Amino acid sequence: MALVYTYDPQSNSWSIPKITGVNTVRKEFLTGITDNNKKIYLWGGCYRMLDNIHDCVFANDMLILDTINLSWGKGSLINAPTPRDQYSATLLPNNNIIYMGGYDTNKVNFDHKTMNINEGNALTLSEVYIYDTINDNWTTKITSGKIPTNRASFSSILGLDGQRVIIFGGAFANPGYLDTSL
């Protein structure tokens, strides 16, 4: 089975492109981001071992797919966040990608009705991680204000003003805020 497929909505057909470069493994629970240079950035996530398909092994790599030249590359991991999955990722106007939240353990259970985590924990939103796609480096920022509780499996988008990242939903630990303004 191929790792990458392309869909052409004009012809309503699927195909499998021939891609060169680093060999990668099938991963899950990661978020792909496409920049303005037609590159797809795939950081983290997890993969299953054939001898233990129940637990995910957390990946700590930045895969970069050049969709023009159809080649894989790898980005820097210096100062990258701890490996995780089910995080959110958003491309900013300056070509940086902001990563937030997620899980770094397989031992998480939550109430499917309320989405409140009752075993394990999601990662904090008091720190966000920035990947600079132009200079291939990572930085960490500490957030302030009414910080949402630890969260995973949520959506994030860049607001139309290009100034704010808006998050929605997800599994969280104890609803409320970590208010740093007090």
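Note that this is a predicted model, so its numbers are computed, not measured.

Draft legend 1. View of unusual backbone geometry. Despite not being glycine, N79 has its phi angle at roughly 70 degrees, a positive value. Within the secondary structure layout, N79 lies in the loop between β9 (71–74) and β10 (88–91).

Draft legend 2. Up close: the sheet that holds strand β14 (residues 127–132). Here we have four strands laid out as an open sheet, ordered β10-β11-β14-β15, and antiparallel in their pairing. Because the sheet does not close on itself, it has two edges, and the strands there are β10 and β15 (137–142). Geometrically, the sheet is characterised by an average inter-axis angle of 25 degrees between neighbouring strands, direction not taken into account. Where β14 meets β15, six bridges bridge the pair, whose relative direction is antiparallel. From the neighbouring strand, V128 faces β15, where its bridge partner is K141.

Draft legend 3. Broad picture of the environment of R164. Mapping R164 onto the fold places it in the loop between β18 (155–158) and β19 (165–168). The spatial distance from the C-alpha of R164 to the C-alpha of L92 is 9.1 Å, given a sequence separation of 72 residues. When near neighbours in sequence (up to four residues on either side) are disregarded, R164 contacts I157, L158 and G159. There is a polar contact of 3.0 Å between the side chain of R164 and the side chain of D161.

Draft legend 4. Looking closely at the packing of aromatic side chains. Summed over all chains, the structure comprises eight aromatic pairs. Ring geometry for Y87 versus Y99: centroids 5.5 Å apart, planes at 65 degrees, classification edge-to-face. Highlighted residues: Y87 in the loop between β9 and β10 and Y99 in strand β11 (residues 96–100), separated in sequence by twelve residues. Each member of the pair Y87 and Y99 is classed as buried.

Draft legend 5. Looking closely at the nonpolar core. Judged by nonpolar contacts, the single largest core of 13 residues is most densely connected at M62, I97, Y99, Y131 and W138. Mapped onto this core, the elements with two or more residues apiece are β5 (39–43), β8 (62–66), β10, β11 and β14. Not counting residues within four places of it along the chain, the set of residues in contact with I97 comprises I33, Y41, A89, T90, L91, Y129, I130, Y131 and T133. If you look at the next biggest cluster of nonpolar residues, it comprises eight residues, including L92, I98, I130 and F154.

About the thresholds
Residues numbered from 1 in each chain as written. Predicted model: local features only at pLDDT ≥ 70, side-chain atom pairs only at ≥ 80, totals over all residues. Heavy atoms only, no water. Helix = DSSP H or I, 4+ residues; strand = E, 2+ residues; numbered from the N terminus. Pairing = 2+ DSSP bridges. Axes fitted to C-alpha atoms, helices over the stretch in contact; angles between N-to-C directions. Contact = heavy atoms within 4.5 Å. Polar contact = N/O pair within 3.5 Å; in protein donor to acceptor, adjacent residues only side chain to side chain. Phe/Tyr/Trp six-rings, centres within 6.5 Å; stacked < 30°, edge-to-face > 60°. Buried < 20%, exposed > 50% of the residue type's maximum accessible area, 1.4 Å probe, protein only. Core = buried A, V, L, I, M, F, W, Y, C linked by side-chain atoms within 4.5 Å.

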